[in-house]
Amino acid sequence: MPDPLLLWRNPQTGFRRRLPLSKIRNAIAAKAEQKLNRLKPKSSPFIAVIDPTNACQLHCPLCPTGQGSEGRKKGMMKLDTVDRILKELGHTIIDAELDNWGEPFLNPDLYAIIAAFKNYKIHTAASTNLSFKEQLDPQELVNCGLDHLIVSTDAARPKTYQKYRVGGDFELVLENIKKVVETRKKRGSLRPFITMKFLVFPHNLAEQDEFNKLAHDLGADRVQFQAPYFPEKMIERLYQKITPEQIEKFARPKPKRRNCHWLWTGVAISWDGGVSPCCFGISYHSQFDFGNICSQSFREIWTSDIYQQARSVFLGKEPKDSRARFCFSCTHRGG
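Quantities reported herein were computed from a predicted structural model and do not represent experimental measurements.

1. Regarding the overall build of the protein chain
- Counting its secondary structure elements, the protein chain contains 13 helices and eleven strands.
- The proportion of buried residues among the 335 residues of the protein chain is 54%.
- Pairs at least 24 apart in sequence give 69% of the contacts found in the protein chain among residues at least 6 apart.
- About 16100 Å² of surface is accessible on the protein chain, with carbon and sulfur atoms providing 52% of the total.

This is the structure we're talking about:
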């Protein structure tokens, strides 16, 4: 007899969907095991960040991909890898963000990837710069069922946009948003829910009200203002004369949680199948992978010694493995 179905509401889009009781049970168990700091959890992650590609056509000054920093080899996730992920985790994942270190729409299989996740009743989101022509097919975007389209724009004017989104085309981004809104309307669909995202910097602070109006006029559903995650030394790369006081105006506060939810409730998987404990800097480098889902079972990776060492950080233990030490020294610890 199939599991009874329950309602689950996404806090960002507000979309409700029916989920198998097994997914709900797993999510509750994962949060309980996080609270207990269990080193070898029986539950599985219910949040996933899946990177379709780590390539990008823009050159944002605070992004290691945009700056060409040495890291994981560039590539595109194959559908075989997607099938492997869903076979292992499709029964527990509730929410998946299909992006991380690159522009997801550069992967020619993105629409098929989204559809595959939707077949497992997974709420899908994709963050994009939307500054391209050939890769965007509004009809396919609506057809594949993407729930949440997050468009990183950061400005209300072209000149301001170019300050950070180097290589992007502001007018093209606006045109693409209009196309998606119009297609969605013609199809009578609420999906994808569109968020226009605004990373707050000193150079764009004065455009927040103007950005709100722009988003409303375009037909976006939500505006998100967010402080950048980047450490001060990277901020200084963009603003060589910035003062500590100015940084404080838009810097993200340091987390104060007892432990890090990622090690119990979430996982990041790169285009090549590399499994990372979170989507921050550790996942940019393949040498820090905790395993690879293409060659190992996820359960083997999830309960491995390296994962247990990382979780033990929150019991006051210093890991021996260099990969787990990344968690020990993480500036986002607990976030």
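Moving on from the model shown.
2. Quick notes on the packing of helix α2 (residues 79–89) against helix α3 (residues 110–118)
- As a packed pair, α2 and α3 sit with axes 11 Å apart at the nearest point and diverge in direction by 15°. Between α2 and α3, the interaxial angle falls into the category roughly parallel. Considering only the axes of α2 and α3, their crossing is right-handed. Here Leu-79, Val-82, Ile-85 and Leu-86 of α2 come into contact with α3, specifically with Ala-112, Ile-113, Ala-116 and Phe-117.

3. Regarding the packing of aromatic side chains
- Considering all chains together, one arrives at 14 aromatic pairs under this definition.
- Ring plane angle 70° and centroid distance 5.0 Å describe the contact between Trp-101 and Tyr-284, whose orientation is recorded as edge-to-face. Taken as a pair, Trp-101 in the loop between β4 (95–97) and α3 and Tyr-284 in the loop between β10 (274–276) and β11 (291–292) lie far apart in primary sequence, 183 residues in all.
- Ring centres of Phe-105 and Phe-132 lie 5.5 Å apart, and the angle between their planes is 35°; on these two criteria the pair is classed as tilted. With Phe-105 in the loop between β4 and α3 and Phe-132 in the loop between β5 (123–128) and α4 (138–144), this residue pair connects regions lying 27 residues apart in the sequence.
- Taking relative accessible area as the criterion, Phe-105 reaches 3% and is therefore assigned buried.
- Phe-132 gets classed as buried once you look at its relative accessible area, which sits at 5%.
- Aromatic rings pair up to connect Phe-290, Phe-298, Trp-302 and Tyr-307 into one cluster.

4. Notes on the pairing of strand β6 (residues 148–152)
- Taken across its five residues, β6 has five buried, putting it largely inside the fold.
- Along β6, one buried face is formed by His-148, Ile-150 and Ser-152 and the opposite face, lined by Leu-149 and Val-151, is buried too.
- Looking at chain direction, β5 and β6 are connected through four bridges and run parallel. The residue of β6 that forms the bridge with Ser-127 is Ile-150.
- Running through α4, the crossover from β5 to the neighbouring parallel element β6 is right-handed.
- Across five bridges, the pairing between β6 and strand β7 (residues 193–199) is parallel. Pairing of Leu-149 across the sheet is with Ile-194, part of β7.

5. Here we look at helix α12 (residues 305–312)
- A large share of α12 lies buried, amounting to six of its eight residues.
- Of the positions making up α12, those classed as buried are Ile-306, Tyr-307, Gln-309, Ala-310, Arg-311 and Ser-312.
- On the buried face of α12, the contacting elements are α10 (262–265), β9 (266–269), β10, α11 (298–302) and α13 (322–328).

6. Concerning the side chain of Asn-176
- Here Asn-176 shows up in helix α6 (residues 170–187).
- With relative accessibility at 2%, the residue Asn-176 sits in the buried group.
- Residues within four places of Asn-176 in sequence aside, it is in contact with Leu-130, Phe-132 and Leu-136.

7. Quick look at the pattern of salt bridges
- For the structure on display, the rule yields 15 salt bridges.
- Here Arg-17 and Asp-95 are joined by a salt bridge, their closest N and O atoms 3.2 Å apart. Of the two residues, Arg-17 sits in strand β2 (residues 16–20) while Asp-95 sits in strand β4, which places them 78 residues apart along the sequence. The residues Arg-17 and Asp-95 share a single accessibility class, namely buried.
- With a shortest N-O distance of 3.1 Å, Arg-38 and Glu-33 are connected by a salt bridge.
- Each of Arg-72, Asp-272 and Asp-289 takes part in one network of salt bridges that share partners.

8. Overview of the environment of Thr-160
- Within the element layout of this structure, Thr-160 appears in helix α5 (residues 158–164).
- On the basis of relative accessibility, which here comes to 13%, the residue Thr-160 falls in the buried class.
- With ten residues separating them along the chain, Thr-160 and Phe-170 place their C-alpha atoms 9.4 Å apart.
- Excluding residues that lie within four positions of it along the chain, Thr-160 makes contacts with Ala-155, His-203, Asn-204 and Glu-207.
- There is a polar contact of 2.4 Å between the side chain of Thr-160 and the side chain of Glu-207.

9. A look at the sheet that holds strand β3 (residues 47–50)
- Read from one edge to the other, the open sheet built from nine strands follows the order β8-β7-β6-β5-β4-β3-β9-β10-β11, with strand pairing classed as mixed. The open sheet terminates on both sides in strands that have one partner only, identified here as β8 (222–226) and β11.
- For β3 and β4, the ladder comprises three bridges, and the chain directions are parallel. Looking across to β4, one finds that Ile-47 is bridged to Asp-95.
- Along the sheet, α6 makes contact with β6 and β7, crossing β7 at roughly 160°.

Rules of the game
Residues numbered from 1 in each chain as written. Predicted model: local features only at pLDDT ≥ 70, side-chain atom pairs only at ≥ 80, totals over all residues. Heavy atoms only, no water. Helix = DSSP H or I, 4+ residues; strand = E, 2+ residues; numbered from the N terminus. Buried < 20%, exposed > 50% of the residue type's maximum accessible area, 1.4 Å probe, protein only. Contact = heavy atoms within 4.5 Å. Areas by Shrake-Rupley, 256 points an atom, 1.4 Å probe, with all protein chains shown as cover. Axes fitted to C-alpha atoms, helices over the stretch in contact; angles between N-to-C directions. Parallel < 35°, antiparallel > 145°, perpendicular 65-115°, else oblique. Left-handed = near helix turned anticlockwise from the far one by under 90°. Phe/Tyr/Trp six-rings, centres within 6.5 Å; stacked < 30°, edge-to-face > 60°. Pairing = 2+ DSSP bridges. Right-handed = clockwise from strand over helix to strand, strands pointing away. Salt bridge = Lys/Arg side-chain N within 4 Å of Asp/Glu carboxyl O. Polar contact = N/O pair within 3.5 Å; in protein donor to acceptor, adjacent residues only side chain to side chain.

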